[in-house]
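# Remarks on the overall topology
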Amino acid sequence: MKAKFIGLAATLLSCCLHTASAVAGDAHDSHKDVLGNYALEASRSQKAEWRDSNFPKKKALVKVKILGFNDFHGRISAGTVFAGRPAGGAAVFASYLKAAQAGIENRTFIVHAGDAVGASPLSSALLQDEPTITFFNQLANSSCTYEARMHPRCNMVGTLGNHEFDQGRGRLLHLLYGGQAGAGPSLEPAYQGAKFPYVSANVVSAQTGKPILPAYVIKHVRYQDGRGKTRTMPIAFIGAVLKETPTVVTPTGVTGLKFIDEAAAINHYIPEIRAQGVRTIIVLIHQGGAQDNYVGQTDSSKSAMSGALADIVSRLDDEIDVVVSGHTHSFTNAILQNTHGKSILVTQAFSYSTAYADIDLQIDSKSRDVVAKSASVVIAFADRGPGLSPDRAAAELVSRAERKVAPIANQLIGTITEDIKRLPNSAGESALGDLIADAHRAAMNTQVAFMNPGGMRADMRYAGLHSSPLPLGTITYNDLFSIHPFGNSLVKMDLTGQQIIELLNQQFPPYQAAARMLQVSGLTYTWSAERPAGNKVVSVQIGGLPIDRSALYSVAANSFIAAGGDRLTVFTRGVNRVGGPLDIDALIAYVKSLPQPIATSTCDRIVRVNESLGKGDNQEHTPDGVN
């Protein structure tokens, strides 16, 4: 199909955009947040789109809108800041989505690309993330019901992200379908799950090879033809999650499941979908890439995108029209070509309820195929536009959830005089990482402790994360839970000195896509980027003495990495394993035990050296000759 971009406005809005600064990665992802200085919204008068150049413009078209979001992570409460301005939260987000579809509700679908829950704030997480799904149910139309989630006129569809597996398959099924709840309080007396369908083509039972959820769902749009007769247009939505999910979640969370190649799984169902008369197909995938931010409608000159998703899109079937992506918490608004030259619109709208992709489709009523498509990524700022009129139903839901958790959330734990941050220095060490590793070592009474950087979801901020008017420097349970939201337990084990050296080398490629530095306690070490893969570590000391390769050392780690998460497989070889408290409880106890206010680490446990400076420049860092 020959296609081209049609620019319907000659001048784009002039603005200055900045890529966001990187922050610590996700405990179960290999990504970095990119919520940053996306300074201006797009002008709604602008228009640029992909259009089939062979299609007569005067033919009858059915216009459909898709509102796509991703990586919501339970952000129902207000308080997120985007480009220095308040953004997101359920009430504001709902107001934007409702404004975007005003007047065309019957031709609009709201979709999300995974990680709706997990690593959530207390207002959602403490209530088993049920408030987040309840909020999504508020966005659903009357055709979405518990009894008929797959109804063709239900306006919502979701797919799975890796975080949906944080608590295992049983907890996932409870979240989607209700029933017996797990441990912890609930907001609703009889939670029934999602009123809308979740679809996933590539998560299959290891025993049967069949998907654990419907692979796809077909929706119907009603429209009037040229003779005034009501007709329906079928549109398919098919889901997938990154095939590497087992390497970025707790292994016990995916027991009995297989994650197959995303493109292969999606393509497998295309003939089946086509046989039902469907020619418009939307993919919801929890995998992403990276692209420079820009404002406005899809711009063909700014379609360069890197990352794992680009390869997946290149292998998709020609029938795929749009890909709504996630996982990297980033911006995407691009037209990518598959290997046959088919143009596929790809979007991603940052994360945390701060943005959504506003996608417009024009579909030929005869062929049922998409002949024009465009998108813009809209920021849900709370201080302007629809954000000035927060949705009442969503606001009431959030208020109930916050009141329910307030007695726990507002408990006073400690004080600080300055931020304790998770941003690492050039060697890979952070002040917050040191504090948490120390807490874990103290709780388990071990010689050494390790903490994965992605397990730290927020900084310990002097201004606090709490919304109540508490004194500056006050640290509450809510603040610490925002840092440690996964509910991992601690594990004590014994590793040999040789295994510890191997573990430290597993922080670097090829074991990781990029260096993923563990935070340490009771141990210091030196490493060099110039050394070959598998041999980056120059020297290691425990208790101030060179490490003994043959000796056993007691080690503490959270249950995620203790089970081999983040590809840190050395942990699975640990012996004499003993379980311990939850990581959040260990952190609370340790913070309470410290002299107040808490002092900030000097970050001198990890040293990075440049060996090309010569042996004399590095002799002080290589006393034990680890090679």
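So, how was this worked out
- Residues numbered from 1 in each chain as written.
- Predicted model: local features only at pLDDT ≥ 70, side-chain atom pairs only at ≥ 80, totals over all residues.
- Heavy atoms only, no water.
- Core = buried A, V, L, I, M, F, W, Y, C linked by side-chain atoms within 4.5 Å.
- Buried < 20%, exposed > 50% of the residue type's maximum accessible area, 1.4 Å probe, protein only.
- Helix = DSSP H or I, 4+ residues; strand = E, 2+ residues; numbered from the N terminus.
- Contact = heavy atoms within 4.5 Å.
- Axes fitted to C-alpha atoms, helices over the stretch in contact; angles between N-to-C directions.
- Parallel < 35°, antiparallel > 145°, perpendicular 65-115°, else oblique.
- Left-handed = near helix turned anticlockwise from the far one by under 90°.
- Nonpolar A, V, L, I, M, F, W, Y, C, P; charged D, E, K, R; others polar.
- Pairing = 2+ DSSP bridges.
- Salt bridge = Lys/Arg side-chain N within 4 Å of Asp/Glu carboxyl O.
- pLDDT = per-residue confidence, 0-100.
- Phe/Tyr/Trp six-rings, centres within 6.5 Å; stacked < 30°, edge-to-face > 60°.
- Lys NZ or Arg CZ within 6 Å of the ring centre and 35° of its normal.

## Details of the nonpolar core
Counting residues in hydrophobic clusters, the biggest one holds 91 residues, and the most contacted among them are Phe 135, Phe 136, Phe 165, Tyr 198, Tyr 356, Met 460 and Leu 480. The greatest single-element share of this core, amounting to eight residues, is contributed by helix H1 (residues 90–100). In this structure Tyr 356 touches Leu 67, Gly 68, Phe 69, Phe 93, Tyr 96, Leu 97, Ala 100, Ala 349, Ser 376, Val 377 and Val 378, once residues within four positions along its chain are discounted.

## As for the packing of helix H3 (residues 130–139) against helix H9 (residues 392–409)
The relative placement of two packed helices is expressed as an angle between their axes plus a distance between the axes. Packing of H3 against H9 leaves a shortest axis separation of 10 Å and a crossing angle of 165°. Relative to H9, the element H3 is oriented roughly antiparallel. The two elements H3 and H9 cross, and the hand of that crossing is right-handed. From H3, Pro 131, Thr 134, Phe 135 and Gln 138 reach across to H9, where they touch Ala 393, Ala 394, Leu 397 and Ala 401. When its residues are assigned to classes, the contact of H3 with H9 shows six nonpolar, two polar and no charged.

## Here we look at the pairing of strand S26 (residues 552–558)
Judged by how many residues are buried, S26 sits mostly within the fold: six of seven residues are covered. In the sheet, strand S19 (residues 448–451) pairs with S26 via two bridges, with the strands oriented parallel. What sits directly across from Val 448, in S26, is Val 555. Here strand S21 (residues 489–496) runs beside S26; their pairing, made up of seven bridges, is antiparallel. Bridge pairing in S26 places Lys 492 opposite Ala 556.

## Observations regarding the sheet that holds S21
Strand order in the open sheet made by the five strands is S22-S19-S26-S21-S27, with mixed pairing throughout. On the outer flanks of this sheet lie strand S22 (519–521) and strand S27 (575–582), each paired with one strand and no other. Within this sheet the neighbouring strands show an average axis-to-axis angle of 25°, counted without direction. In terms of strand pairing, S19 meets S22 through three bridges, oriented antiparallel. For Met 451, the partnering residue across the bridge sits in S22 and is Gln 519. Along the sheet face, helix H14 (residues 583–593) touches S21 and S27 and points at about 70° away from the line of S27.

## Here's the deal with H14
By the burial criterion, the buried members of H14 are Asp 583, Ile 584, Ala 586, Leu 587, Ile 588, Tyr 590 and Val 591. Buried positions along H14 lie against strand S18 (412–415), helix H10 (431–444), helix H11 (477–483), S21 and S27.

## Section: the side chain of Ser 430
Inspection of the secondary structure assignment puts Ser 430 in the loop between S18 and H10. Given a relative accessible area of 1%, Ser 430 falls into the buried group. If we skip the residues at most four places from it in the chain, Ser 430 touches Lys 421, Arg 422, Leu 423, Pro 424, Met 456, Gln 519 and Cys 603.

## Description of the pairing of strand S24 (residues 537–542)
Taking burial as the measure, the six residues of S24 include six buried ones, the bulk of the element. Summarising the sheet, S24 and strand S25 (residues 545–546) pair through two bridges and their orientation is antiparallel. Considered in S25, the bridge of Ile 542 is made with Leu 545. Hairpin connection of S24 to S25: two residues between the antiparallel strands, including Gly 543 at a positive phi of 60°.

## Notes on the pattern of salt bridges
When their charged atoms lie close together, side chains carrying opposite charge are able to pair. The final tally for this structure, using the stated rule, is 19 salt bridges. Notably, a salt bridge pairs Asp 459 with Arg 422, separated by 3.4 Å at the nearest N-O pair. Of the two residues, Asp 459 is situated in the loop between S19 and strand S20 (474–476) and Arg 422 in the loop between S18 and H10; the sequence distance between them amounts to 37 residues. Exposure remark for Arg 422: the relative accessible area of 12% places this residue in the buried category. Close ionic contact of Arg 605 with Asp 434 constitutes a salt bridge, the shortest N to O distance being 3.8 Å. Note that Arg 605 is positioned in the loop between H14 and strand S28 (606–608) and Asp 434 in helix H10, a separation of 171 residues in sequence.

## As for unusual backbone geometry
A cis amide bond links Pro 509 to the next residue, Pro 510, at an omega of 5°. Tracing the backbone shows Pro 510 in the loop between helix H12 (497–505) and S22. Positive phi values are uncommon outside glycine, yet Ala 83 reaches one of about 55°. Considering the arrangement of structural elements, one finds Ala 83 in the loop between strand S4 (81–82) and strand S5 (85–86). Non-glycine residue Asp 566 carries a positive phi angle of around 60°. With respect to the secondary-structure elements, Asp 566 resides in the loop between helix H13 (559–562) and S27. On the basis of relative accessible area, Asp 566 is assigned to the buried category, the value being 4%.

## Structural notes on the sheet that holds S25
Within the open sheet, the four strands sit side by side as S25-S24-S23-S28. Their pairing is mixed. Strand pairing shows two members of the sheet lacking a second neighbour, S25 and S28, which therefore form its edges. Across the sheet, H12 lies against strand S23 (523–527) and S24, angled at about 130° from S24, the strand it touches most.

## Some remarks on H12
Summarising burial for H12: seven of the nine residues are buried, a large majority. The set of residues buried in H12 consists of Gly 497, Gln 499, Ile 500, Ile 501, Leu 503, Leu 504 and Asn 505. On its buried side, H12 packs onto S19, S21, S23, S24 and S26.

## Brief notes about the confidence of the model for the protein chain
Per-chain confidence: the protein chain averages 87 in pLDDT, with 88% of residues scoring 70 or above. Across residues 1–47 the pLDDT falls below 50, and counting only partners more than four positions away or on other chains, this stretch makes 150 contacts in the model. Below pLDDT 50 for its whole length, residues 614–627 participates in 29 contacts with residues either more than four positions away or in separate chains.

## Considerations on the environment of Ala 290
Mapped onto the secondary structure, Ala 290 falls in the loop between strand S12 (280–286) and helix H8 (308–314). A residue is classified by how much of its surface remains accessible, and Ala 290, at 38% relative accessible area, is partly exposed. If we skip the residues at most four places from it in the chain, Ala 290 touches Ala 304, Met 305 and Ser 306.

## So, the packing of aromatic side chains
For the structure on display, the rule yields 20 aromatic pairs. Taken together, a centroid distance of 5.8 Å and an interplanar angle of 25° make the contact between Phe 72 and Phe 135 stacked. Separated by 63 residues along the polypeptide, Phe 72 in the loop between strand S3 (61–69) and S4 and Phe 135 in helix H3 bring together distant segments of the chain. For the pair formed by Phe 72 and Phe 135, the shared burial category is buried. The structure contains a cluster of three or more aromatic residues connected by ring pairs, namely Phe 69, Phe 72, Phe 93, Phe 135, Phe 136, Phe 196, Tyr 198 and Tyr 356. For the cation-ring pair, Arg 75 lies above Tyr 352, with the distance from its terminal atom to the ring centre recorded as 3.9 Å. Between Arg 85 and the ring centre of Phe 381, over which it is positioned, the NZ or CZ distance is 3.6 Å.

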